[in-house]
Amino acid sequence: SCCCLSRRLNQLSSHDPLWKRHCKKYWLISEEEKSQRNQTWKAIFISTYSDLGRYIRYYATLKKAWDDLEKYLGQRCPRMIGSLKESVREEDLDAVEAQIGCKLPDDYRCSFRIHNGQKLVVPGLMGSMALSNHYRSEDLLDIDTAAGGFQQRPGLKQCLPLTFCIHTGLSQYMALESVEGRNKYEIFYQCPDQMARNPSAIDMFITGTSYLEWFTSYVNKVVTGGYPIIRDQIFRYVHDKECVATTGDITVSVSTSFLPELSSVHPPHYFFTYRIRIEMSKDALPEKACQLDSRYWRITNAKGDVEEVQGPGVVGEFPIISPGRVYEYTSCTTFSTTSGYMEGYYTFHCLYYKDKFFNVTIPRFHMVCPTFKVSTARMVGGDAEPNHNEYAVDEDEDSTDTDEYEDRRRVLDIPAPSGRCPRHT
């Protein structure tokens, strides 16, 4: 527009350094790419804008997220990079909108102009979780698979799946319209209301308010080391840097994760797993070597109810800790309240002085259920009564520390998972 006003503005509007700034800011075009294309910065900006102009608000943020993720995984999980699909065209996205009868948000479309999700493989790009007999790994769905899973049934009307786990059948959905108590573009795990007689009564664990926020926050967790890489997989454990305790030469740290597929809002049953790392300083004297004998837990739920648990070893093992050695294990617990915390100690005996016993502190670690919404179709007394209270639950059970959770799974009537993953130690 400026170039049409005067000769001077016409000259300025063609000044290539001005377009260089825009190309780098909005399209992340590098000097190397510019030289390969053998075009002026202005020509590059205009040609890119003609293709991606509708995404100018999102493209740089999403492209950087994808670039950072690829670089990080290329060094640590190279086989996962091979599962990523090439970008899709505008007409492909338009065709999907026509197929499902809903508009896709621009940030979602923009991401798929960069990468069309991934192949249905294991491990999944969106993170894994493993317990003794339960395994979850979520793939980021390509646009055609997502469109094939688009929902119109009551309880999930106008919801598009973003992820899928081939072991558990678990998906994260994005609401394409504000219906059934959901906000437009909200992202969530579905959670059937097991106390309602209406099969369309589905509660929701919220994981994002928009695709941009959901995807970039996940990538940031991955590339900053917030989620550990274990055996070429991204594990969605969250570690609080303050959740570390050192007793003598032994340091104990804890990371935790919430498992929506083993949780429910009605009845209130919130399932958490925790990963504990026990490490002896490499500078410790050899005679400090010791063996873990027992564990003591003090478990407190959100109502202040306390349960104490004591038992031999951890996960059926009695690990030996020596200078520089690390021992890690995974266990789980449940709460009938939306949050709770655990703390305690391990009892060790010295290998060189058999009669010498000592306790090692386990730092207090908190577990909090993500924000959830209860179904608007919940049946009460035979009639559907909308319930908009996101936190109204009956809290009448005790939490339990355990190395197994088969009994809980049976109570919830959750089908046994088909996948199996060994415990990582």
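Thresholds, definitions, all that
- Residues numbered from 1 in each chain as written.
- Predicted model: local features only at pLDDT ≥ 70, side-chain atom pairs only at ≥ 80, totals over all residues.
- Heavy atoms only, no water.
- Helix = DSSP H or I, 4+ residues; strand = E, 2+ residues; numbered from the N terminus.
- Buried < 20%, exposed > 50% of the residue type's maximum accessible area, 1.4 Å probe, protein only.
- Contact = heavy atoms within 4.5 Å.
- Areas by Shrake-Rupley, 256 points an atom, 1.4 Å probe, with all protein chains shown as cover.
- Phe/Tyr/Trp six-rings, centres within 6.5 Å; stacked < 30°, edge-to-face > 60°.
- Pairing = 2+ DSSP bridges.
- 1 Å grid on protein atoms, 1.4 Å probe; cavity = no way out; pocket = protein on both sides within 12 Å on 5 of 7 lines; lining within 4 Å.
- Points joined across faces, edges and corners; volume = space filled by probe spheres on them.
- Nonpolar A, V, L, I, M, F, W, Y, C, P; charged D, E, K, R; others polar.
- Patch = residues over 30% accessible without salt bridge, like charges linked within 9 Å, V, L, I, M, F, W, Y side chains within 5 Å.
- Salt bridge = Lys/Arg side-chain N within 4 Å of Asp/Glu carboxyl O.
- Axes fitted to C-alpha atoms, helices over the stretch in contact; angles between N-to-C directions.
- Parallel < 35°, antiparallel > 145°, perpendicular 65-115°, else oblique.
- Left-handed = near helix turned anticlockwise from the far one by under 90°.
- Polar contact = N/O pair within 3.5 Å; in protein donor to acceptor, adjacent residues only side chain to side chain.
- Core = buried A, V, L, I, M, F, W, Y, C linked by side-chain atoms within 4.5 Å.
- Domains from an automatic or database assignment.

So what exactly am I meant to see when it comes to the overall build of the chain here?
A tally of helices and strands in the chain yields 11 helices and 23 strands. Here the chain, with 425 residues, has 50% of them falling under the buried criterion. Residue pairs at least 24 apart in sequence account for 63% of intrachain contacts in the chain once pairs closer than 6 positions are excluded. In the form shown here, the chain has an accessible surface area of approximately 19700 Å², with 49% of it arising from carbon and sulfur atoms.

In this structure, what is going on with the packing of aromatic side chains? I would like to understand it.
Within the structure shown, the criterion is met by 24 aromatic pairs. Aromatic pair Tyr-211 and Phe-215: ring centres 5.9 Å apart, planes at 5 degrees, arrangement stacked. Here Phe-215 and Tyr-211 lie together in helix 10 (residues 211-223), a separation of four residues that amounts to about one turn. When its relative accessible area of 0% is taken as the criterion, Phe-215 is described as buried. An aromatic cluster is present here, built from Trp-66, Tyr-108, Phe-112, Tyr-211, Trp-214 and Phe-215 joined pairwise through their rings.

Would you mind showing me how to read the sheet that holds strand 4 (residues 159-161) here?
Sheet strands pair via backbone hydrogen bonds, and the direction of the pair is either parallel or antiparallel. In space, the five strands of this open sheet follow the order 4-6-7-8-20, with antiparallel pairing throughout. At either end of the open sheet lies a strand with only one pairing partner, and these are strand 4 and strand 20 (372-373). Direction of pairing for strand 7 (residues 187-192) relative to strand 8 (residues 202-208): antiparallel, over a ladder of six bridges. Residue pairing in the sheet places Gln-190 in a bridge with Met-204 of strand 8.

Just checking my understanding: could you explain the layout of surface pockets for this structure?
It is the rolling of a water-molecule-sized probe over the atoms that shows where space remains empty. Of the volumes computed, that of the largest pocket is approximately 830 Å³. Contributing to the lining of the largest pocket are 31 residues, with Tyr-227, Val-238, Phe-258, Val-368 and Pro-370 lying nearest its centre. Secondary structure elements with two or more residues in the lining of the largest pocket: strand 8, helix 10, strand 11 (238-247), strand 12 (250-258) and strand 19 (357-368). Considering only residue class, the lining of the largest pocket consists of 17 nonpolar, eight polar and six charged.

Looking at this model, I keep getting lost on a nonpolar patch on the surface. Mind explaining?
A surface patch of nonpolar side chains, about 230 Å² in accessible area, is lined by Leu-120, Val-122 and Ile-166. Along the chain, the position of Leu-120 falls in the loop between helix 8 (106-114) and strand 1 (128-131). According to the relative accessible area criterion, Leu-120 is partly exposed, its value standing at 45%.

Is there a simple way to explain the packing of helix 7 (residues 90-100) against helix 8 in this structure?
When two helices pack together, their arrangement is given by the angle between their axes and by how far apart the axes lie. Following both chains from N to C, one finds helix 7 and helix 8 inclined at 135 degrees, their axes separated by 10 Å at the closest point. It follows that helix 7 is oblique to helix 8 by the angle criterion. Taken as a pair, helix 7 and helix 8 cross one another with a handedness that is right-handed. The segment helix 7 lies against helix 8, with Glu-90, Leu-93, Asp-94 and Glu-97 engaging Arg-109, Phe-112 and Arg-113. Across the contact of helix 7 with helix 8, the residue classes tally to two nonpolar, no polar and five charged.

Just checking my understanding: could you explain the side chain of His-115 for this structure?
Within the secondary structure, His-115 sits in the loop between helix 8 and strand 1. Among the residues examined, His-115 registers a relative accessible area of 9% and is labelled buried. Among the polar contacts made by the side chain of His-115, one reaches the side chain of Glu-70 at a distance of 3.0 Å. Polar contacts involving the side chain of His-115 include one to the main-chain carbonyl oxygen of Lys-85, which spans 2.8 Å.

Can you walk me through the nonpolar core in this structure?
By size, the foremost hydrophobic cluster in this structure holds 51 residues, and its most contacted members are Leu-104, Tyr-108, Leu-125, Tyr-211 and Phe-215. Looking at this core, the elements that each hand over two or more residues are helix 2 (16-26), helix 4 (41-52), helix 5 (59-76), helix 7, helix 8, helix 9 (143-148) and helix 10. Structurally, this core is a two-domain feature, drawing no fewer than three residues from each of domain 1 (2-55) and domain 2 (58-220). Residues contacting Leu-125, with those up to four places away along its chain left out, are Trp-66, Leu-69, Leu-73, Met-80, Leu-84, Gln-118, Glu-138, Asp-139, Leu-140, Tyr-218 and Ile-234. Cys-243, Ile-321, Phe-365 and Met-367 belong to the second-largest nonpolar core, a separate cluster that totals 39 residues.

Just to check I follow, could you spell out unusual backbone geometry for this structure?
Residues other than glycine predominantly adopt negative phi, and peptide bonds predominantly adopt the trans conformation. Cis geometry is found at the peptide bond from Val-122 to Pro-123, where omega equals 10 degrees. Along the chain, the position of Pro-123 falls in the loop between helix 8 and strand 1. Each neighbour pair has its own omega, and for His-266 with Pro-267 the value is 0 degrees, a cis peptide bond. Assignment of secondary structure puts Pro-267 in the loop between strand 12 and strand 13 (270-280).

Mind showing me how you'd approach the environment of Asp-232 here?
By the secondary structure assignment, Asp-232 is in the loop between strand 9 (229-230) and strand 10 (233-234). Given a relative accessible area of 33%, Asp-232 falls into the partly exposed group. Taking the C-alpha atoms as reference points, Asp-232 and Arg-79, 153 residues apart in sequence, are found 8.0 Å from one another.

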